[in-house]
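Fold and contact review
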Amino acid sequence: MKSKFFKIIFNLSLVLLVSGCENSIQKPSKSEVKAITKKVADWQIKTFEDQGKYRALPLPENQKKWHHRNRYHDAEWMGAALYAGMYEWSTITADPTYSKWLYGIGQKNNWKLYKRMFHADDHAVGQMYLNMQKMFGNHRLIKPLRKQFDSILNSDERDKWHWHWADALFMAPPVWARLAKATKQQKYLEYMDEQYHKTYDALWDKKEHLFYRDKKYLDQKEENGKGVFWSRGNGWVFGGLALMIPDFPNDWDGKQFYVETFQQMAETLKNTQRKDGTWSSGILGGEKAYPTKEISGSAFFVFGLAWGINNGIIDAEVYEPTLIKGWNALTDCVTEDGLVGYIQPVGAAPGNSFPNYTELYGVGAFLAAGAEMYKYVEKIEDVNSNKKEVSEFTTFMNDGGWCWYQDPRAIINNGKLVIGGLSGQSGDVKVSVYDLETNTNKGTVVLDKNFQADDHDVPALYARPDGSILSVWAKHGNEKIHHYNISSPSNYLEWNNKSEFKYDYNDNRGVTYMNLYYLENENNLYNFYRDGETFNPSFITSKDHGNTWGNRTHFIADDVEGRQRPYARYFQKDNNTVGVSFTDGHPRQYGNSLYYAEFKNGAFYNVDGSKIKDLKEPLRTPEAEKIYVGSETKTKPKGFESVPKSAWTCAMGKDSENNPHIGYSLYLSNNDHRYRIAAWDGKKWIDKEIAYAGTCLYTMESSYTGLMAFDPENPTQVYISTDVNPSTGEKMNNIHEIYSAKIGLNDDISTIKWKAITSNSEYRNIRPIVVAGEGHKALIWLNGPWNSFVNYKADVKGIILSSKK
């Protein structure tokens, strides 16, 4: 069916003009879809704590004990459905507000499910926990969930029929299926399949291709004699299928059953849509029995239909008119403030709804529908657009990313800008080549396919004397190996066979963070990295420019109680000296101070040239010069994910006299980071704040900022990434932009004039790098959807700052 998509788009404009029940169908633009979905999401977050005030309740004579205006517990199913939709929305917007909000709810509730061990409703919040684990790459978030599900599998009650109502097929099965995918444990998928089939066998109507809500409805009839099939109950099932089918293994024999069930339901929905674009609260009951529209079921149907079309599960040509009518009907139910009305109160059967009252689960369904509708419209607009994208920025690599503790990540050699990158989708290790003489992109080569989707794995690059380039990369502490390859001297898209260097030590932790620097007088190429055995900076060396390696040496040792990991940045001060700035540990664990030392001829030195000691043993932090004094505590107040007043080094450079400049970020709170520079003027360190760095990129790594960079030929030219006004801290649009400024030794934040390089961006612009050499200079950064270090789809964009003519 996917093959029909582009043919269908060609005919769609005609379909939209002539089809529809009574009126022509107005197709929304992606900007319209995004705007109204954002309005709904923002309203819901704003009013979440006061949710009862806006809650839809039945008429007084029909109210039950569960109908109230109290705040629901965060882990109840009502909120869980909202979180499912909020997550879907968060994946199409670059604004981190929504994922941070979801993460905060999970954190507040210690990532635990609700009260009842077997009850599907109390499993539903697990969808959000698994989504956060996927987005942020932390299995700790699903430990309580996995523990409870293992208890279910080991229980004497395992084989009882637990999901005996239609709603349950949204609440629990997507959690079990996603847990199977996250853990690669088939047992969770098998249990889900067993329980799902029990519910299907009991409640599925083979003629109508719909689900009864539960067994008591099997013999009930609508006024017109049709069976009673609750719209929201079937919405739960249809939406649940759209959520979990993508998590099934492609080679799983059971997958086709779920796909066919989805397709059969879609056919029924196409044939039962009302003139107003919604579905009756009792799907087959007709408009006479249900004159008031109700959209909690309809929103799940629109979500499912859009997902089905987007993924080729149902035929776009057949279902697009139904989808567009349905979406337009949903948007008619949104108030100016962003409240989604016409949502039936909590219940188990068809019922009334009200235009100015809402419910969390219906909002979640709307957000999920908006996210899939956006993807649908975006595809059409991209295909129909005859305009070539015009941008003042060059795309140097598609789908690439990097961390900031590997260097060099980009170099200029033989007139080529060579960039290392790591795909956040496939995990491919990449190198892209741009010809600076002809201003042409020469292409991208994959050095290691499907290596690991983690931006810590980006390769470091080194230009060898014969003109070839060495690339070295390693996983994020998952194996005791670094991988390397050497290019052709004349073509940087041609590489030899990959090689490995295996580290020999007792600890199971692997290595990470490759950094390549050559010391000429030693004829030694150093690879500085983090060592798994010590968790500290170490190095190995090569006498043949990277062909072979050895001499593993512990370089810097932490001095804080516990297993700590000092973070080090390196730069080439001169041909025979490497400068190093480093911290006590991770700011999540300690209020870091910032240190500096230089390494040459097998010894450590202060910046003024005075010797600290020979490298007979590693340099300890108190032995180095302390440039900035952090809080030097492990205490974190409530709501602080890192230790306040903790420094993190992020940039290094030198002036014309080889005086070092150190750029670093300072964590004050999750929403307040600062950029600072410590510069040596030949006699003393000048340390100062230069800009507001804004909010953390995401809560779990609350010290992550957009970062900063120096011009390597002139460190007074500084580039930063921030999501606030860099001079005042004023909140902007929650999107990180790139700024530049000229900063003299006597300037401070009050005198620095920042100039925006990017503005009004759709996606974050983060982690800038300035590359210079051979008369050329380029500024590059990451732009695109970026959720975490294991979940991003960013491109490497930038501008040529100067070029040799």
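See the structure printed just above.
Rules used in this analysis
Residues numbered from 1 in each chain as written. Predicted model: local features only at pLDDT ≥ 70, side-chain atom pairs only at ≥ 80, totals over all residues. Heavy atoms only, no water. Helix = DSSP H or I, 4+ residues; strand = E, 2+ residues; numbered from the N terminus. Rg over C-alpha atoms; globule rule 2.2 N^0.38 Å. Buried < 20%, exposed > 50% of the residue type's maximum accessible area, 1.4 Å probe, protein only. Phe/Tyr/Trp six-rings, centres within 6.5 Å; stacked < 30°, edge-to-face > 60°. Lys NZ or Arg CZ within 6 Å of the ring centre and 35° of its normal. Pairing = 2+ DSSP bridges. Axes fitted to C-alpha atoms, helices over the stretch in contact; angles between N-to-C directions. Contact = heavy atoms within 4.5 Å. Core = buried A, V, L, I, M, F, W, Y, C linked by side-chain atoms within 4.5 Å.

For the rest of this paragraph, the subject is the overall build of the protein chain. Broken down by element type, the protein chain carries 15 helices and 36 strands. Taken over C-alpha atoms, the radius of gyration comes to 29 Å for the protein chain, in line with the 28 Å a tight globule of 805 residues would show. Seen through its principal axes, the protein chain has C-alpha atoms that stretch 95 × 60 × 55 Å. Here the protein chain, with 805 residues, has 62% of them falling under the buried criterion.

Next up on the list: the packing of aromatic side chains. Inspection of the entire model under this criterion finds 68 aromatic pairs. With a centroid separation of 4.6 Å and an interplanar angle of 20 degrees, the aromatic rings of F528 and Y570 are classed as stacked. With F528 in strand β13 (residues 524–530) and Y570 in strand β17 (residues 568–574), the pair connects residues that are 42 residues apart, well separated along the chain. Here F555 and F604 contribute two aromatic rings whose centre-to-centre distance is 5.2 Å and whose plane-to-plane angle is 40 degrees, an arrangement assigned as tilted. Taken as a pair, F555 in the loop between β15 (550–554) and β16 (556–557) and F604 in strand β20 (residues 603–605) lie far apart in primary sequence, 49 residues in all. When sorted by exposure, F555 lands in the same class as F604, which is buried. Positioned over the ring face of Y505 is K480, at 5.0 Å from the centre of the ring. Over the ring of F535 we find R509, and its NZ or CZ is 5.9 Å from the ring centre.

Below, the discussion takes up the environment of D219. Mapped onto the elements, D219 comes out in the loop between β2 (210–211) and α10 (231–244). Sequence separation between D219 and Y628 is 409 residues; the distance between their C-alpha atoms is 76 Å.

What follows concerns the pairing of strand β32 (residues 765–773). Among the 9 residues in β32, 8 count as buried, and that is most of the element. The pairing of β32 with strand β33 (residues 776–783) spans 7 bridges and is classified as antiparallel. Bridge pairing links A772 to K777 in β33. Where β32 folds back on β33, the antiparallel hairpin that results is connected by 2 residues, among which E774 adopts a positive phi of roughly 60 degrees.

Our next topic: the pairing of β17. Of all 7 residues in β17, 5 are buried, a share of seventy percent or more. Pairing of β17 with strand β18 (residues 577–583) involves 6 bridges; the strand directions are antiparallel. Along β18, the bridge assignment pairs Y570 with V580. Linkage of β17 to β18, two consecutive antiparallel strands, is achieved through a turn of 2 residues.

This paragraph deals with unusual backbone geometry. When glycine is set aside, most residues are seen to have a negative phi, and most peptide bonds are trans. Residue P408 is bonded to the preceding D407 through a cis peptide linkage, with omega at -15 degrees. Checked against the element boundaries, P408 lands in the loop between β3 (394–397) and β4 (410–413). With a phi close to 50 degrees, N760 is a non-glycine residue in the positive phi region. Note on placement: N760 falls in the loop between β31 (755–756) and β32.

Glancing now at the sheet that holds strand β26 (residues 672–680). Where strands meet in a sheet, backbone hydrogen bonds hold them as pairs that are either parallel or antiparallel. Strand order in the open sheet made by the 4 strands is β24-β25-β26-β27, with antiparallel pairing throughout. Looking at strand neighbours, the two that pair on one side only are β24 (646–654) and β27 (685–694), the edges of this open sheet. Between one strand axis and the next, the sheet turns by 25 degrees as a mean value, whatever way the strands run. Strand direction decides the pairing type here: β26 and β27, joined by 8 bridges, are antiparallel. Counted as the bridge partner of R674 is Y692 from β27.

For the rest of this paragraph, the subject is the environment of G415. With respect to the helices and strands, the residue G415 is situated in the loop between β4 and β5 (416–422). Residue G415 is classed as buried on the basis of its relative accessible area, which comes to 3%. Those residues in contact with G415, other than ones at most four positions away along the chain, are Y434, D435, L436, E437, E774 and H776.

Turning to the nonpolar core, a few remarks are in order. One finds M132, W176, M192, Y258, I690, M708 and W754 to be the most contacted residues of the largest nonpolar core, which totals 192 residues. No other element matches the 14 residues that helix α15 (residues 360–384) contributes to this core. Among residues more than four places away in sequence, those in contact with W176 are H123, F149, I152, L153, W163, Y188, L189, Y191 and M192. With 19 residues, the next largest nonpolar core counts Y526, A597, L615 and A624 among its residues.

Nothing here speaks to function; it is all geometry.
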